[in-house]
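One-letter residues, chain by chain:
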Amino acid sequence: MDVQVANHCSIKSAAKPSSPQKAAESGTETAPKKKSRTRRGKRGKRRRGKKVNEPPPFLPPEAEEGNIEYKLKLVNPTQYRFEHLATQLKWRLQEGRGEAVYQIGVEDNGLLVGLTEEDMKASLKTLRRMAEKVGADITLLREREVDCDRARRKIAEVLVRKVPDDQQFLDLRVAVLGNVDSGKSTLLGVLTQGELDNGRGRARLNLFRHLHEIQTGRTSSISFEILGFNSKGEVVNYSDSRTAEEICESSSKMITFIDLAGHYKYLKTTIFGLTSYCPDFAMLVVGANTGIAGTTREHLGLAMALKVPIFIVVSKVDLCGKSTVEKTVRQLERVLKQPGCNKIPMVVANPDDAVTAAQQFAQSSSVTPIFTLSSVSGENLDLLKVFFNILPPLSNSKEQEELMQQLTEFQVDEIYSVPDVGTVVGGTLYSGVCREGDRLVVGPTDDGKFLRLKVCSIHRNRSGCRVLRAGQAATLALGNFDRSLLRKGMVMVSPKMNPTICWQFEAAIVLLFHAKTFRRGFQVTVHIGNVRQTATVECLLGKEELRTGERAVVCFRFLKHPEYLRVGAKLLFREGVTKGIGHVTHLLPSTQNLVPDQNHNQNLT
């Protein structure tokens, strides 16, 4: 019966027949030229009058995998049916790593049928019972109307969230990019502190790590800030005088912002933050009053080269008129549509757009949401929070489990000395599982050795943690281990891995820009994950030289010390205006490798 009703249903925008059809039905005759003009005019009028927020007449067919489930209705299920539905909900939550989206009133083929008010209430009640059974919470994201000949019907979109049993909270990492003075740190201060800025940068003061940053107002180092959401989708931040530990305890989802430098002279720090901290997404902040200026294009290019999904925030709209903001947005749309980008810009104007943007952004890397907001007046700030609340993780549960089955590998990005604690290293666990008390080896040292150590304690987002899983960032306390033996770019791995090192490696590269010709003997700074070191071009396989836009397989050799690399790792190199990207294809043994390998084997025995 629902299918029959659906045949009589249509979305509001498609309800009215076109005027040429009416004319044809009534038998009215018009001149051919005039008829075509009228058709075009009416069609244009309909386009202008069409509401953007109305749903399409159907959705893509339901996928067996993933965290999105379609349900026509959930009215008074039998006990057996209810148990089956609860098991299905568990599967969707597992696929979404703790989050699932239910579309109520939609058939499996994506047809928007809709439900009456009574059936919708009964279906939501059943879904709430299902969520309670598996220990989850539900949040109604939006309800949309479908016009029918018989009655008005609705479809509902519901977010179900449950923190996995083996995790404290869901975690997403967002790198914050943008030109200097675009308002990156101020925006993060407003989001994480819960107070609007005074227009003179008060909100950003808590984010700065150095005195010269406070004096100049410019970020020069990498800092981390957290924004939490509880199981009901409510914001959890420092606004209620919470500590970081309280935010972690109260949150079921955590957004970790990686605040990067905007000034060109700190570009190497920004690149290191993008390559080593493995962000899930990148937020490019553009000042509405300046538009695309300075390092904006450079940061956009870096994120695209490293294949990090990017969305854009146009800040400082309170300083400009509406026409200036629209001009900046049009400028961004032009850049995103260029052949080098091939992105689909999507301007977010209301909560409905924010929900759609979050879902489409995670499903397709070509969709680029654009937000326009103010950190002073708070305009459209809630839309960004809605977006972060719904934004799902990129990797599914299968990929996570596969990484966790591998041997432990932790990338060392930061090194500290903490009183009464000792040496502490910060970084990201690339694979495996790390627990308190684990014994690992760290290296390679300058002479190619790997040294034994013990993990004394683990902290995530400033709170204690006993187990660290693949993909998570944390700090590890190493006790009285000598800090001078450590450096950025090292790895801590399981002794079972028998880690290898290399002085030379081959990489398939694309030369993005070079003033002259790229040839043997040229020195560049190479970024591969958390590795940052100067390397010399030993040879270009099959070519004598390389020019802008050309591709080749190049053999590089590190200058200072050997490094631990993985085949397939993304590579980015630069030197002045010279830039290139690629990936590691082969690790080359060399005579200089032999001595370190022997030392390394002796050290592990």
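Fair warning: this is a prediction, and the values are worked out from it, not measured in the lab.

A. Structural detail: the overall build of the chain. Check the secondary structure of the chain and you find 15 helices and 30 strands. Here the chain holds 605 residues, and the buried ones make up 53% of them. In the chain, of all internal contacts separated by at least 6 residues, the share reaching a separation of at least 24 is 71%. Approximately 28500 Å² of the chain is accessible, and the part contributed by carbon and sulfur atoms is 49%.

B. Summary view of the pattern of salt bridges. Here the structure, examined in full by the defined rule, presents 20 salt bridges. Between Glu 414 and Lys 488 there is a salt bridge, with the nearest N and O atoms lying 4.0 Å from each other. With a gap of 74 residues between them, Glu 414 in strand β13 (residues 409-418) and Lys 488 in the loop between β21 (473-477) and β22 (491-493) connect regions that are remote in the sequence. Among the charged side chains, a network of salt bridges with common partners joins Arg 142, Arg 144, Glu 157 and Asp 352.

C. Representation of helix α4 (residues 79-95) in the model. Under the 1.5 Å per step criterion, the end-to-end length of α4 is 25 Å for 17 residues, consistent within 8% with the ideal 24 Å. Just beyond α4, the residue with positive phi is Arg 97, at close to 55°.

D. Region of interest: the side chain of Arg 92. Tracing the backbone shows Arg 92 in helix α4. On the basis of relative accessibility, which here comes to 3%, the residue Arg 92 falls in the buried class. Beyond its immediate sequence surroundings of up to four residues, Arg 92 is in contact with Glu 62, Ala 63, Glu 64, Glu 65, Gly 66, Asn 67, Ile 68, Glu 69, Glu 99, Ala 100 and Tyr 102.

E. Representation of the sheet that holds strand β8 (residues 253-259). Read across the open sheet, the eight strands follow the order β7-β6-β8-β5-β9-β10-β12-β11; overall the sheet is mixed. Looking at strand neighbours, the two that pair on one side only are β7 (235-236) and β11 (344-347), the edges of this open sheet. Sheet topology places strand β10 (residues 310-315) next to strand β12 (residues 367-372); three bridges connect them, and they run parallel. Of the residues in β12, the one forming a bridge with Ile 312 is Ile 370.

F. Examining the nonpolar core more closely. In this structure, Phe 257, Met 283, Phe 311, Leu 384 and Phe 388 are the most contacted members of the largest nonpolar core, which totals 38 residues. The dominant element in this core, judged by the number of residues it contributes, is helix α13 (residues 381-390), at six residues. If you look at the next biggest cluster of nonpolar residues, it comprises 33 residues, including Tyr 277, Leu 302, Ile 310 and Leu 572.

G. Representation of helix α11 (residues 322-337) in the model. With 16 residues, α11 extends 23 Å from end C-alpha to end C-alpha; this agrees with the ideal 22 Å at 1.5 Å per step. Residues of α11 that are buried include every one of Val 325, Thr 328, Val 329, Leu 332, Val 335 and Leu 336, and no others. Viewed end-on, α11 has its buried residues packed into an arc of 120°, placing them on one side of the element. Turned more than 90 degrees off the buried face of α11, the exposed positions are Ser 323, Lys 327, Arg 334 and Lys 337.

H. View of the packing of aromatic side chains. In total, this model carries 16 aromatic pairs according to the counting rule given. With a centroid separation of 5.9 Å and 70° between ring planes, the pair formed by Phe 311 and Phe 388 is classed as edge-to-face. Taken as a pair, Phe 311 in strand β10 and Phe 388 in helix α13 lie far apart in primary sequence, 77 residues in all. The pair formed by Phe 311 and Phe 388 is uniform in burial state, with each residue classed as buried. Geometry around Phe 82 places Arg 129 over its ring, the cationic atom sitting 4.3 Å from the centre. Of note, Arg 566 hangs over the ring of Tyr 430, and the distance from its end group to the ring centre comes to 3.6 Å.

I. Inspection of the confidence of the model for the chain at higher detail. Residues of the chain with pLDDT of at least 70 account for 83%, and the chain-wide mean is 83. This stretch, residues 1-53, has a pLDDT under 50; its non-local contacts, to residues over four places away or in other chains, come to 41 contacts. Note that residues 591-605 has pLDDT below 50 and, in this model, 26 contacts with residues that lie over four places away or in other chains.

J. Looking closely at the sheet that holds β22. Taken in spatial order, the eight strands make up an open sheet running β17-β16-β22-β13-β14-β21-β18-β19, and their pairing is antiparallel. The open sheet has two edge strands with one neighbour each: β17 (451-454) and β19 (463-465). Averaged over all adjacent pairs, the angle separating strand axes in this sheet is 40°, with direction ignored. Across three bridges, the pairing between strand β18 (residues 457-460) and β19 is antiparallel. Bridged to Arg 460 within β19 is Ser 463.

K. Spatial organisation of the packing of helix α12 (residues 351-363) against α13. Packing of α12 against α13 brings their axes to within 9 Å, and their N-to-C directions diverge by 35°. Note that α12 runs across α13; the crossing there is right-handed. Packed against α12, whose contacting residues are Pro 351, Ala 354, Val 355, Ala 357, Ala 358 and Phe 361, the element α13 presents Leu 383, Val 386, Phe 387 and Ile 390 at the interface. By residue class, the composition of the contact of α12 with α13 is 10 nonpolar, no polar and no charged.

L. Inspection of the pairing of strand β26 (residues 531-541) at higher detail. Looking at chain direction, strand β25 (residues 523-528) and β26 are connected through six bridges and run antiparallel. When the sheet's bridge partners are listed, Ile 528 is paired in β26 with Val 531. In this antiparallel pair of consecutive strands, β25 and β26, the connection spans two residues, and Gly 529 shows a positive phi of 60°. As paired strands, β26 and strand β28 (residues 551-558) are joined by six bridges and run antiparallel to one another. Its bridge partner being in β28, Thr 536 is matched across the sheet by Arg 557.

M. Examining the packing of α4 against helix α5 (residues 117-134) more closely. Following both chains from N to C, one finds α4 and α5 inclined at 65°, their axes separated by 9 Å at the closest point. The orientation of α4 with respect to α5, classified from their angle, is roughly perpendicular. Where α4 crosses over α5, the two elements pack in a sense that is right-handed. Counting all contacts with α4, which are made through Phe 82, Glu 83, Leu 85, Ala 86, Leu 89, Lys 90 and Leu 93, the residues of α5 involved are Thr 126, Arg 129, Met 130, Ala 131, Lys 133 and Val 134. Across the contact of α4 with α5, the residue classes break down as eight nonpolar, one polar and four charged.

N. The environment of Ala 136, seen in detail. Inspection of the secondary structure assignment puts Ala 136 in the loop between α5 and β3 (137-146). Judged by its relative accessible area of 8%, Ala 136 falls in the buried class. Along the primary structure Ala 136 and Lys 232 are separated by 96 residues, whereas in three dimensions their C-alpha atoms are 9.6 Å apart. Among residues more than four places away in sequence, those in contact with Ala 136 are Leu 93, Ala 131, Val 160, Arg 161 and Lys 162.

O. Quick look at empty space enclosed by the protein. Taken as a whole and judged by the stated rule, the model has two cavities of 30 Å³ or more. In this model, the second largest cavity occupies a volume close to 40 Å³. Around the second largest cavity sit Leu 284, Ile 292, Thr 296, Arg 297, Leu 300, Ile 312, Leu 332, Val 335 and Leu 336, which together line it. Those elements that provide at least two residues to the lining of the second largest cavity are α10 (296-305) and α11.

Rules of the game
Residues numbered from 1 in each chain as written. Predicted model: local features only at pLDDT ≥ 70, side-chain atom pairs only at ≥ 80, totals over all residues. Heavy atoms only, no water. Helix = DSSP H or I, 4+ residues; strand = E, 2+ residues; numbered from the N terminus. Buried < 20%, exposed > 50% of the residue type's maximum accessible area, 1.4 Å probe, protein only. Contact = heavy atoms within 4.5 Å. Areas by Shrake-Rupley, 256 points an atom, 1.4 Å probe, with all protein chains shown as cover. Salt bridge = Lys/Arg side-chain N within 4 Å of Asp/Glu carboxyl O. Expected span 1.5 Å × (residues − 1). Pairing = 2+ DSSP bridges. Core = buried A, V, L, I, M, F, W, Y, C linked by side-chain atoms within 4.5 Å. Arc of directions from axis to C-beta. Phe/Tyr/Trp six-rings, centres within 6.5 Å; stacked < 30°, edge-to-face > 60°. Lys NZ or Arg CZ within 6 Å of the ring centre and 35° of its normal. pLDDT = per-residue confidence, 0-100. Axes fitted to C-alpha atoms, helices over the stretch in contact; angles between N-to-C directions. Left-handed = near helix turned anticlockwise from the far one by under 90°. Nonpolar A, V, L, I, M, F, W, Y, C, P; charged D, E, K, R; others polar. Parallel < 35°, antiparallel > 145°, perpendicular 65-115°, else oblique. 1 Å grid on protein atoms, 1.4 Å probe; cavity = no way out; pocket = protein on both sides within 12 Å on 5 of 7 lines; lining within 4 Å. Points joined across faces, edges and corners; volume = space filled by probe spheres on them.

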